[in-house]
Every structure is written in structure tokens, then in C-alpha cells.
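Observations on the model geometry
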Amino acid sequence: DTDTGEHVLRVQLLSDAIAAELQRMGVYEDDLSPRFMDMIGMASILHDVGKVGTPDHILFKPGRLDPEERRIMEQHATIGANILRKASTMVEGVSYLSMGADIAGGHHEYFDGSGYPHQLKGQDIPLSARIVAVVDVFDALLHKRPYKEPWPLQEVLDYISGRANTQFDPHVVNALLQLVSEKRLPAPLLGPLENS
């Protein structure tokens, strides 16, 4: 659908921007290789590919999911990782597909270990997934979804800041906050921000 298409474009652009900002900040230097920098944005668009296995009545439900629907929805992380991991075996070495598998499987893990599907913690979560975790929530809150209206920018920033060190990697949060405060976000993200 068009909402998903626009969302993944914004996720791609902001993932690239945050990776560049982390590099500028001088953190995670070992992870931020030229190959990583080249692939993070493109691989990020695959983060929700596992939703192909989620029924539409759950994906587009206009209200809160009940516990059983939530359990089904959460399976998209494992489904996506499995699809992409299998596809990546057809390509030598690290590829968009293998990084996409890390992202799909890890973007709902929490920095404190309380996320899903494997309760990974801290730097056990791939950096690519830690970046997309922040970007995905930032974009989802800022835009209208079937189950919610868009939030004002400051509320989104407060929500994400309040979850640094629990849900999110604090360096990734700081990179996002820096980009927003200095108005260095990619152009397609600026529209909703100007209205906030």
C-alpha cells in the first residue's frame, strides 16, 4: 500500500542519515565500515518484509490488537529474518539481504533485553537493527496509521528520549536528536516536522 511505500522510503533516508551522524559522533567506528554505510539505508527497507505473513485484518486493524493478534503480529520479525536469511545464502558474503535479515529480526529487540523475538540486549543487537528500531518508531509516531493519528514532533522526541537505554540505543537516540535539532533531516521527513 502507499503508506508502507512512503514509510520505507523515509526509513531508508533516515537510517542513512543516522548512520552518518553516528560516524560524525565517533561512536561504533568498528561497525560503521564503508560497506555498512553503503548498505544500511537500502537494507532498512526490508525491515517489515515478514508482514507478508501477517493477515490483513490484523495489519490494518483500526484499534488496539488483542493478545492473540499481538502474538501473530510479533511473528513478522522472525518470518522476515528467515525469508531474508534464506535468500542471503544465494549471495556471497555480507549483502543487503543478510543485513536486511539482521534488521528484520532485530528491530523489535530492546536495548535492555525486554524486546522480541530473542530478548537480545545492548550490542548483541546488530547496530543496523538498533538504528532501524529508532527510525521505525520515530516515523510511525510522526505519521497517521490505521490505529492512530500523527503525534506532534515534540511528543515523538520526548517518547524516544524517554526510552533511551531501555528500548533504544542511547547513541542512536542522540544522533536522531542532533539531526532534528540542527534541522539536518532528509527533505521527505521535513514536511510533517514543519507542521509540528
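None of the values given here were measured: they were computed from a predicted structure.

**Side note on the packing of aromatic side chains**
Tallied over the entire structure, the rule returns one aromatic pair. Ring centres of W151 and Y159 lie 5.5 Å apart, and the angle between their planes is 85 degrees; this geometry places the pair in the edge-to-face category. Overall, the relative accessible area of 27% leaves W151 in the partly exposed class. Classification of Y159 as partly exposed rests on a relative accessible area of 24%.

**Overview of the pattern of salt bridges**
The full count for this structure, using the stated rule, is ten salt bridges. Across the pair D48 and K51 runs a salt bridge whose closest N-O atoms are separated by 3.3 Å. Under the relative-accessibility criterion, D48 is labelled buried at 18%. The partly exposed category is assigned to K51, whose relative accessible area is 25%. The shortest N-O distance in the salt bridge between E69 and K61 comes to 2.6 Å. Residue E69 is classed as buried on the basis of its relative accessible area, which comes to 13%. In this structure, a network of salt bridges that share partners links the residues E21, R24, E182 and R184.

**Observations regarding unusual backbone geometry**
Cis geometry is found at the peptide bond from Y116 to P117, where omega equals 10 degrees. A positive phi angle, close to 80 degrees, is found at N165, a residue other than glycine. Considering the arrangement of structural elements, one finds N165 in the loop between helix 7 (153-161) and helix 8 (170-181). On the basis of relative accessible area, N165 is assigned to the partly exposed category, the value being 47%. Of note in the backbone geometry, K183 takes a positive phi value of approximately 50 degrees without being a glycine. Along the chain, K183 turns up in the loop between helix 8 and helix 9 (190-194).

**So, empty space enclosed by the protein**
Rolling a probe over the atoms, with the probe sized like a water molecule, indicates the empty space that remains. This structure, assessed with the given rule, holds one cavity of 30 Å³ or more. A volume near 40 Å³ is recorded for the largest cavity. Contributing to the lining of the largest cavity are E109, F111, I125, A129, R130, A133, Q167, F168 and D169. When the residues that make up the lining of the largest cavity are grouped by side-chain class, the tally is five nonpolar, one polar and three charged.

**Thoughts on the side chain of H47**
With respect to the secondary-structure elements, H47 resides in the loop between helix 2 (34-44) and helix 3 (56-59). Within polar-contact distance, the side chain of H47 engages the side chain of H7 at 3.3 Å. A polar atom in the side chain of H47 sits 2.7 Å from the backbone oxygen of S44.

Rules used in this analysis
Residues numbered from 1 in each chain as written. Predicted model: local features only at pLDDT ≥ 70, side-chain atom pairs only at ≥ 80, totals over all residues. Heavy atoms only, no water. Phe/Tyr/Trp six-rings, centres within 6.5 Å; stacked < 30°, edge-to-face > 60°. Buried < 20%, exposed > 50% of the residue type's maximum accessible area, 1.4 Å probe, protein only. Salt bridge = Lys/Arg side-chain N within 4 Å of Asp/Glu carboxyl O. Helix = DSSP H or I, 4+ residues; strand = E, 2+ residues; numbered from the N terminus. 1 Å grid on protein atoms, 1.4 Å probe; cavity = no way out; pocket = protein on both sides within 12 Å on 5 of 7 lines; lining within 4 Å. Points joined across faces, edges and corners; volume = space filled by probe spheres on them. Nonpolar A, V, L, I, M, F, W, Y, C, P; charged D, E, K, R; others polar. Polar contact = N/O pair within 3.5 Å; in protein donor to acceptor, adjacent residues only side chain to side chain.

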